[in-house]
Amino acid sequence: MMDKNLIIVGGGPAGLAAAKAAYDAGERDILILEREDRAGGILNQCIHNGFGLHTFKEELTGPEYAARYEREVAARGIEIKTGTTVLSIADKTVACVNAEDGLTHYRAKAIVLACGCRERPRGAINIAGCRAAGVFSAGTAQKLINIDGLMPGKEVVILGSGDIGLIMARRMTFQGAKVKAVIELMPYSSGLNRNIVQCLQDFDIPLRFSHTVVAINGKKRVSSVVVAAVDEKLRPIAGTEEEIACDTLLLSVGLLPENEIAKTYGIELSPVTGGAIVDDALMTSKEGVFACGNVLHVHDLVDFVSEESERAGASAAAYIARGGELSDCVAIGAKDGVRYAVPQLVRRGGEGALGFKMRVGKVAKDVKIVLECDGREVASRRRQIVTPGEMETLTLTAAQAQILRGAKEAVIRLAEV
Amino acid sequence: MKEMICICCPMGCRLKVYDDQDPIRVEGNTCARGAKYGAEEAVSPKRVVTATVRVRGGEIAMASVKTSGAIAKSSVFDALALLKGKVVDAPVREGDVIVGNIFGTGVDFVATKTVEKAQ
Amino acid sequence: MQIVIIGAGVIGCAVARELSRYDAKIVVLEKEDDVACGTSKANSGVVHAGFDAKPGSQKAKFNVLGNAMFDSLSAELGFSFRRNGAYVLCFSQEDIPVLEQLAVQGGRNGVKQLEIHTGAKIREREKYVSDQVVAGLWAPTSGIVSPYGMTIAYAENAAANGVEFCFCKQVSSLGYRGAKTVVGCLDGSEYEADLVVNCAGVHGDDVNNMLCADKLQIVARKGEYMLLDKTASQVASATLFQLPTKKGKGILVVPTVGGNVMLGPTAVDVDDKDCTDTTREGLAEAFDKACKTVPSLSAKAVITQFTGLRAHLTTGDFEIGFAPCKGLYNVVGIESPGLTASPAIAVEVASEISRAYSLAKRSDFVAHRDAPPCFAKMTDDERARLIAADPLYGKVVCRCETITEGEIVDAIRRTPGAKDLDGIKRRTRAGMGRCQGGFCTPRIMEILARELGCDITEVTKSGKGSEIVIGRVE
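Residues numbered from 1 in each chain as written. Chains lettered and ligands numbered in written order. Predicted model: local features only at pLDDT ≥ 70, side-chain atom pairs only at ≥ 80, totals over all residues.

1. Remarks on the overall build of chain C
For step 1, the next point in the chain: Each helix and strand counted, chain C has 12 helices and 24 strands in total.
For step 2, the next point in the chain: Oriented by its inertia axes, the alpha-carbon framework of chain C measures out at about 65 × 55 × 45 Å.
For step 3, the next point in the chain: The buried share among the 474 residues of chain C stands at 56%.
For step 4, the next point in the chain: Nonlocal contacts in chain C, meaning residues at least 24 apart in sequence, comprise 71% of its contacts between residues at least 6 apart. (Helix = DSSP H or I, 4+ residues; strand = E, 2+ residues; numbered from the N terminus. Buried ≥ 20, exposed ≤ 12 C-beta atoms within 10 Å, placed from the backbone. Contact = placed C-beta atoms within 7 Å.)

The following block contains the structure:
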């Protein structure tokens, strides 16, 4: 058993930013545990550009963005153990394993969960058909191509038009594959317009909305998929089936926070985000355990992950330094088009400004995001457009935040302007 | 006239760009950024290209690369062909020039990832 | 004496192991590249108590005999087995006599400890069971096993006792050459045997019919399943049946020894004996009917689906014994409760063959097989010791199931060892968790290539033709 003030689980963008901020807030006894052989997380395989416009005011590729934070962490002499998998957390004791140290237990004063998310697999979306090779989640294909230099297939159908699906359409095309179609269940894409234009339209790749894959055919290797139109309840419409010959199906059908360790630790999770329920210090239902980045809720931009994680790191450092009594919370609900807002809880005894991040359920134009406290509008923000694919924010001034801290009930919702 | 979707924000305005007129006229945009984008995209569309190059003796098989600036959209596949079959020796450092001065444009393919030698 | 066994499913492997107690040269021919690639990899994994089968049938006899062997056999061969008990649930008062009839039938078959419980009592023990359930037959001797885990255990022990396994050997002809039976394979290879044992599962009729004038007919009966995430495993601790139907035991909600819960199977007769595709209709049926047992099931908890084929012989019973033609012994039509029956069938087959050919018992037979290390189930002390001995056990490859590189390497190096991703999955559970191999696939490909000494582009999912990638990025 070893003692460490702060254990950070995950050395991706969230963990690196949390470590940097904790250090800058005065904490020196920090250890980052990373299961892969290098830090940087999923950014290592996101070789496309478009990262960092908010954080660094320039457009970086994923590896470059990760390297900037790695350098910040290295410059501060923060210890990071790669190739190290956390097996469990109990009573603020982290059990982890690697080839060099074997099994190690760390007793921590605070823990930051920054372990990211995983892709929804085929099984979770119930596509019938064969068990042949050639079905990949988009992220697995991305790793195979961009890190391992291996080509998953040459005739490709992609299910899901989120950004990863779109990016992979271009990447496969660049490497000589024929992307025959991108199939999207919803009547809109959750991907950025920029990606629709530059990853699909540039190469005349058709994007078919309100369609899904209903069957995968093949014996040893995928030989075709069957796509069909869906009705307004997203059920396939009989008679609209169309077979597309291909050797590969990529799935880009959603990301899920990877919270299995949190679950076994007994951390309270939100059924909407799949992540922990946190207060405005990003502390979970377990005192001294914080969560940030995609393990808390799936973000659209890494810049927001970094920002949120720096807050979690600083909060953890402050918690270690001061400890102290935790005051009661006011819960912030979400309704009228807002699916969730994070943090879900705000401590009544806190002070200063507050920021919320949220997702909407569907596209809406000319709306405002409203915080209501006890039926009264306390803060609002006008938006020309909100979409499910983009995270929205609402920032409160210190004065507005004080009203919230004194409220009985609070809710964030969309309202017409 | 060219039709396109504006990529500047989630609005995704459907632009009509009259590139045969002088000055070029853009319709359908809701902001000035859209007008600028439409005009540029109609006349000389450019792209930053990101890809990979094979590494010999590295801790991983591939190093990621990007063009150091945007290149003409029409030359994207020709630029990618310069990376085909190319192998660089580890270590590769972020910023290393992998292919210099692509088609005399002054734009390079540079490494975006450091790949150390395999242990 | 040379014996050729056709088929390396649970029956072929169990028969091989039991025959390896005797002085004979034994070869197992398997058309796939691994053991347990057919029915044995995709079934309910239930060790049935034995009340379903018609009294006096082979099914009834071997079911009850087989069931009783599992405690000692699982310890001897190191595979997971648990007596979790089973309920047959009854949803209407009118059907209670059917339930009672089943209990009587079970008694006649020799099943012990059968009891009829009220709905309330069932829900005390299984709190997610529907409140529509009015009564149930409780069979405490029912158990669960990993069907492929058991098959692999049998195969490894058989190999350790000298049985030779030959993979990718699809039998295409059978004939006689002098006193010998000649087995021809699609790849041109030939095997001479004094006796051929037909354990070819859904293809058992094809094998019989190549040699024998008395034709058999096997119908492939397709069963579709869904597997739930471990976080949903509280929904059933016992195996939950509904009252049986004509085509089988109906849709189950059944725990697995791996810690998941499974729903299924459907029962549809199909023409294509190699088609294990799932269908929208089948999956919907499995889920909807399982909801009758456990109404709170969530489709969100499903992590994968699969199909198994049962070898249904048109006579309706197992066919075990010397065929009416020379040099052939049939073990065919081994559908449910075939997995349960397999240990007893194998003992019977080996004993009959040894008597017929006067085979002597070997003195050097080793009955015990060491179970492979399972990091996830170990204590911290055991883990520390394992890593100290081999640091590869400190590298977690599959994060969902906590499977280490050491376990994957072990699975490849065993005999017969894993050769592809599915083989690794069946032996170690790597890739079987909630991400379904999303993260660990590239890493396992690397390990397979390294251990097998092949190029990474040659690594397959389930044998030749199922290569994961098509080549290198240029």
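2. Points about the overall build of chain A
For step 1, the next point in the chain: Secondary structure summary: chain A contains nine helices and 29 strands in total.
For step 2, the next point in the chain: Against the globule reference of 22 Å for 417 residues, chain A gives a C-alpha radius of gyration of 22 Å, in line with a compact fold.
For step 3, the next point in the chain: Put simply, chain A has 417 residues, and 58% of those count as buried.
For step 4, the next point in the chain: Intrachain contacts of chain A at a sequence separation of at least 6 include 64% that bridge at least 24 residues. (Rg over C-alpha atoms; globule rule 2.2 N^0.38 Å.)

3. Comments concerning the domain arrangement of chain A
For step 1, the next point in the chain: Partitioning chain A into domains gives domain 1 (1–117 + 255–326), domain 2 (121–253) and domain 3 (328–417).
For step 2, the next point in the chain: Averaged C-alpha coordinates put domain 2 of chain A and domain 3 of chain A at centres separated by 35 Å. (Domains from an automatic or database assignment.)

4. Thoughts on helix H1 (residues 13–24) of chain A
Residue pairs three or four apart in sequence face the same way in an α-helix, which turns once every 3.6 residues.
Residue and element names in this part refer to chain A.
For step 1, the next point in the chain: Counted at 1.5 Å a residue, the expected span for H1 with its 12 residues is 16 Å, and the 17 Å between its end C-alpha atoms agrees.
For step 2, the next point in the chain: Those residues of H1 that sit buried are Pro13, Ala14, Gly15, Leu16, Ala17, Ala18, Ala19, Lys20, Ala21, Ala22 and Tyr23.
For step 3, the next point in the chain: Of the surrounding secondary structure, the elements contacted by the buried residues of H1 are strand E1 (2–9), strand E2 (30–33), helix H2 (62–75), strand E8 (102–113) and helix H8 (302–322).
For step 4, the next point in the chain: One or two positions beyond H1, positive phi appears at Gly26, with a value near 110°. (Expected span 1.5 Å × (residues − 1).)

5. As for the interface of chain A and chain C
For step 1, the next point in the chain: At the interface, 40 residues of chain A touch 43 residues of chain C.
For step 2, the next point in the chain: Every element with two or more residues in the side of chain A that touches chain C is listed here: strand E6 (85–90), strand E7 (93–98), E8, strand E9 (117–119), helix H3 (122–125), strand E10 (128–129), helix H4 (138–146) and strand E12 (150–151) of chain A.
For step 3, the next point in the chain: Top contributing element to the side of chain A that touches chain C by residue count: H4 of chain A, with five residues.
For step 4, the next point in the chain: For the side of chain A that touches chain C, a count of residues per class yields 16 nonpolar, 13 polar and 11 charged. (Nonpolar A, V, L, I, M, F, W, Y, C, P; charged D, E, K, R; others polar.)

6. Some details on helix H6 (residues 193–200) of chain A
For step 1, the next point in the chain: Within the sequence span of H6 of chain A, burial applies to Asn195, Ile196, Gln198, Cys199 and Leu200 of chain A.
For step 2, the next point in the chain: Its buried side turned inward, H6 of chain A meets helix H5 (163–174), strand E14 (178–183) and strand E15 (207–208) of chain A together with strand E1 (2–5) and strand E4 (46–47) of chain B.

7. So, the environment of Tyr225 of chain C
Residue and element names in this part refer to chain C.
For step 1, the next point in the chain: Mapped onto the elements of the fold, Tyr225 is located in strand E14 (residues 218–228).
For step 2, the next point in the chain: On the basis of neighbour count, Tyr225 is assigned to the buried category, with 26 C-beta atoms found within 10 Å.
For step 3, the next point in the chain: If we ignore the near neighbours within four places in the chain, the residues touching Tyr225 are Met262, Leu263, Gly264, Pro265, Ala286, Gln305 and Phe306.

8. Here we look at the nonpolar core
For step 1, the next point in the chain: In this structure, Ala18, Val112, Leu113, Leu249 and Phe290 of chain A together with Val15 of chain C are the most contacted members of the largest nonpolar core, which totals 306 residues.
For step 2, the next point in the chain: Residues Cys6, Cys13, Ala35 and Ala42 of chain B belong to the second largest nonpolar core, which totals nine residues. (Core = buried A, V, L, I, M, F, W, Y, C linked by C-beta atoms within 7 Å.)

9. Let's talk about unusual backbone geometry
For step 1, the next point in the chain: Cis peptide bonds are those with omega within 30 degrees of zero, and the linkage from Val342 of chain A to Pro343 of chain A qualifies with 0°.
For step 2, the next point in the chain: Within the secondary structure, Pro343 of chain A is located in the loop between strand E23 (338–342) and strand E24 (345–347).
For step 3, the next point in the chain: Positioned with a positive phi, Thr402 of chain C is a non-glycine residue whose angle comes to about 50°.
For step 4, the next point in the chain: Here Thr402 of chain C lies in the loop between strand E22 (396–398) and strand E23 (403–404).

10. A look at the confidence of the model for chain C
For step 1, the next point in the chain: Per-residue confidence for chain C averages 96 on the pLDDT scale, and 99% of its residues sit at or above 70.
For step 2, the next point in the chain: This complex was scored by the predictor with a pTM of 0.95 and an ipTM of 0.95. (pLDDT = per-residue confidence, 0-100.)

11. Overview of the sheet that holds strand E10 (residues 109–111) of chain B
All names here are of chain B.
For step 1, the next point in the chain: As summarised here, the arrangement of the five strands in space is E8-E5-E6-E10-E9, forming an open sheet in which the pairing is mixed. Two strands bound the open sheet, and with one partner strand each, they are strand E8 (87–89) and strand E9 (97–99). Here the average twist between neighbouring strands, direction ignored, is 45°. (Pairing = 2+ DSSP bridges. Axes fitted to C-alpha atoms, helices over the stretch in contact; angles between N-to-C directions.)

12. What about the sheet that holds strand E19 (residues 248–251) of chain A?
All names here are of chain A.
For step 1, the next point in the chain: The parallel open sheet is built from five strands, whose spatial order is E11-E19-E13-E14-E15. This sheet does not close on itself; its edge strands, each paired only once, are strand E11 (135–137) and E15.
For step 2, the next point in the chain: With three bridges connecting them, E11 and E19 associate as parallel partners. Among the inter-strand pairings, Ser137 is bridged to a residue of E19, identified as Leu251.
For step 3, the next point in the chain: Across the sheet, H5 touches strand E13 (155–159), E14 and E19, and the angle it forms with E14 is around 170°.

13. Here we look at the pairing of E8 of chain A
Residue and element names in this part refer to chain A.
For step 1, the next point in the chain: Examined bridge by bridge, E1 and E8 share seven bridges and lie parallel to one another. Bridge pairing links Ile7 to Ile111 in E8.
For step 2, the next point in the chain: Between E7 and E8, which pair antiparallel one after the other, the connecting turn spans three residues.
For step 3, the next point in the chain: Pairing between E8 and strand E21 (residues 289–291): three bridges, direction parallel. Among the inter-strand pairings, Ile111 is bridged to a residue of E21, identified as Val289.

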